[in-house]
Amino acid sequence: MLLDVGRFIRKSIRETFSMAVLVAAFFAALGAAAPSAGQGGAPAGAPQTQPQPTATPPAASATATQNVTPAQAGLNIVVLDPAHGGTDLGARGTGGIHESDIVLEFAAQVRTALEAQGFQVVQTRQGNANPSFDDRSAMANAQRGAIFVTLHIASTGTPGTARVYVMNDMAAGVDATGLIPWDRAQAPFVSLSRKLGDNVQALLAQRFKGSPAAVQTASVRQLRTTAAPAIAVEISSVTVEDRTQLDHMVPGIADAIARGAAAFRPSYVLPANPGERP
Amino acid sequence: MILPRWRWWFLVALLLAVVIAAIYLPILRRNIKQAAKLQQRSEEQARRELTQPTVINPSDPKVKAKLFWASGADDGTVSAVTVDLPLSSEPVLRAKQVLNTLLAGPVDTELRTLPPDAALLAFYLLPDGTAIADFSEALATSIPSGIQSEQMAVDSIAKTLAANVPQVRQMKILIHGQEMETLAGHLDLSQAFVVNTNASPRADSGGTGSSTSAQQLTPAATAVKLAASPSDAAARP
């Protein structure tokens, strides 16, 4: 038996050597493949950014609302913007909480509250897309008689508080054609935005102790190009250990936005012609 | 009998060598990669040290500099802390000195407004009082994302400049030499921030840009024509 095996080895010794070389090569290849597979893991998320079907959903929903927009004048549309999305996660908490996910879920509840107040709601994103700032603004700028509300979760601030921000005062651009320049679309609306913001902030302050009493100003990129009364609502914060703490805030946030917007209705008198200053 | 046995041992040793090599190879790769990264980092450090000489000159007269860090009220406000600093009378150097001190942070690290790893790469002051502050990428990547936190960072920079460098009228923030749309997803960096509407620029280069127009300068206008009138700045299709 042993002799048989020995003879077998003697015969196939070269094959065994080549096998060993092959095995070595195999392991070497495996070693080389494993790290590169590990590296490939990170960019695997990248393709998400590349297909940018972002233009399609806004366009689709924009046309959808245009079709259903009633002829009646006055404020009746709220463009609701769950910030970030796609590969842009926004603020990130230690507990794996992402701003982009939460604001999308919150938007659904805010939408329901707004609809209960008789508003039509246009959302800048439905799923995990990331439209550009300009795309989001464009959805509000395409509407007549709309207000714009962008939803955020902060990384800072006392947990359980919420703040409303409006754009700082901007000098209105003077365009030869009399149109509002895109770069400064918010300029003619700042005082209206502040009024809307104060409405919402007052309601938030009642509900969430520690929140400021009046609206705050900040140069928020999203608001600058929005030609409508526009506010940013920021909730504190992603640092909470338990997400339910944030979830408990949503009904209050939704109610404050909806009632604040409803109370703002009489203040917003639409200009006679589209594109005109309010 | 002995010969085959010897060959058996030889084969086993060979296989063992293959297995060891298979295990060791990925470790070796990892080590090499780590070593490469380490070297890169130290190069980055060396570059930073080269581009960032210590700008504080002890022979300069000590002044009470006001540095704005978080007020600690957790409401997004910043408050002034007075620090005795030897500051140069030359505005650019002075601005670098106060900004570097601001970046170094307050005694209570909780009151920081800027990430500890952020650095000021360059600072320019144009004749019309526009300051251009170029920060390292860490300012954008390490700052907690949010309207409040980002506004606080810009507030602390703008107010510190306003309090200590009277020549600065407005400030534009660049990240690693690039114009950015936002700081960390919220705050608009494409425009210049008003620092001091009563600034006394070094040379009045016929700046028609009023104090209110400062904030509204578009990036293009800032780059091309810093003292542009608001109507010029607005000209964009």
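What this report covers is the structure whose coordinates are included nearby. Note that this is a predicted model, so its numbers are computed, not measured.

Once that is clear, we can look at the overall build of chain A. Within chain A, the regular secondary structure consists of nine helices and six strands. Counting the 278 residues in chain A, one finds 42% classified as buried.

One finds Val233(A) and Ile257(A) to be the most contacted residues of the largest nonpolar core, which totals 112 residues. In this structure, Val233(A) is in contact with Val149(A), Leu151(A), His152(A), Ala162(A), Val164(A), Val200(A), Ile253(A) and Ile257(A), ignoring residues within four places of it in sequence.

Turning to the environment of Asn76(A), a few remarks are in order. Residue and element names in this part refer to chain A. Topologically, Asn 76 is positioned in the loop between α3 (56–68) and β1 (77–82). Here Asn 76 falls in the partly exposed class, since 17 other C-beta atoms lie within 10 Å of it. Counting along the chain gives 192 residues from Asn 76 to Tyr 268, while the straight-line C-alpha distance between them is 10 Å.

Turning our attention to unusual backbone geometry. With an omega of -10°, the peptide bond between Ser236(A) and Ser237(A) qualifies as cis. Looking at where Ser237(A) falls in the secondary structure, it is placed in the loop between β6 (230–235) and α8 (244–247). The backbone of His84(A) sits at a positive phi, close to 60°, despite the residue not being glycine. Positionally, His84(A) belongs in the loop between β1 and α4 (99–116). One non-glycine residue, His176(B), lies in the positive phi region at around 50°.

This part covers the sheet that holds β1(A). Residues and elements named next belong to chain A. The sheet built from six strands is open, its strands ordered β2-β1-β3-β6-β4-β5 with mixed pairing. Every interior strand has two partners, whereas the edge strands, β2 (120–123) and β5 (216–217), have only one. One ladder, built from four bridges, connects β1 with β2; its direction is parallel. Counted as the bridge partner of Val 78 is Val 121 from β2.

Further remarks concern the packing of α4(A) against helix α9 (residues 250–264) of chain A. Residue and element names in this part refer to chain A. Interhelical geometry of α4 versus α9 gives an angle of 40° and a closest axis separation of 8 Å. Between α4 and α9, the angle falls in the class oblique. Here the hand of the crossing between α4 and α9 comes out right-handed. Judged by residue contacts, Phe 106, Gln 109, Val 110, Ala 113, Leu 114 and Ala 116 of α4 engage Val 250, Pro 251, Ile 253, Ala 254, Asp 255, Ile 257, Ala 258 and Ala 261 from α9. The residue inventory of the contact of α4 with α9, partitioned by class, reads 12 nonpolar, one polar and one charged.

Residue and element names in this part refer to chain B. Read across the open sheet, the four strands follow the order β3-β4-β5-β6; overall the sheet is mixed. A single partner strand is all that each edge strand has here, and the edge strands are β3 (120–125) and β6 (193–194). Running at roughly 145° to β3, helix α2 (residues 91–104) makes contact with β3 and β4 (130–135) of the sheet.

Calculation criteria
- Throughout, residues of each chain are indexed from 1 in the direction in which the sequence is written.
- The order in which chains are written sets their letters, starting at A; the order in which ligands are written sets their numbers, starting at 1.
- With the structure being a predicted model, the display of local features is reserved for residues of pLDDT at least 70 and the display and counting of side-chain atom pairs for 80 or more, all residues being used for whole-chain, interface and lining totals.
- A run of H or I in DSSP becomes a helix once it reaches four residues, and a run of E becomes a strand once it reaches two; helices and strands are each numbered from the N terminus.
- Three exposure classes are used, based on other C-beta atoms lying within 10 Å of a residue's own C-beta, which is placed from the backbone: buried for 20 or more, exposed for 12 or fewer, and partly exposed in between.
- As used here, a nonpolar core is made of buried Ala, Val, Leu, Ile, Met, Phe, Trp, Tyr and Cys residues. They are joined through C-beta atoms within 7 Å.
- This entry defines residue contacts through backbone-placed C-beta atoms, with two residues in contact when those atoms are within 7 Å.
- Strand pairing is defined by DSSP finding a minimum of two bridges between the two strands.
- Convention adopted: a line fitted to C-alpha atoms gives each axis, helices being fitted over their contacting stretch, and angles between N-to-C directions are expressed from 0 to 180 degrees.
- For this classification, under 35 degrees means roughly parallel, over 145 means roughly antiparallel, 65 to 115 means roughly perpendicular, and everything else is oblique.
- The hand of a helix crossing depends on one turn: near helix anticlockwise from the far one by less than a right angle means left-handed, and clockwise means right-handed.
- When residues are grouped by polarity, Ala, Val, Leu, Ile, Met, Phe, Trp, Tyr, Cys and Pro land in nonpolar, Asp, Glu, Lys and Arg in charged, and all others, Gly among them, in polar.

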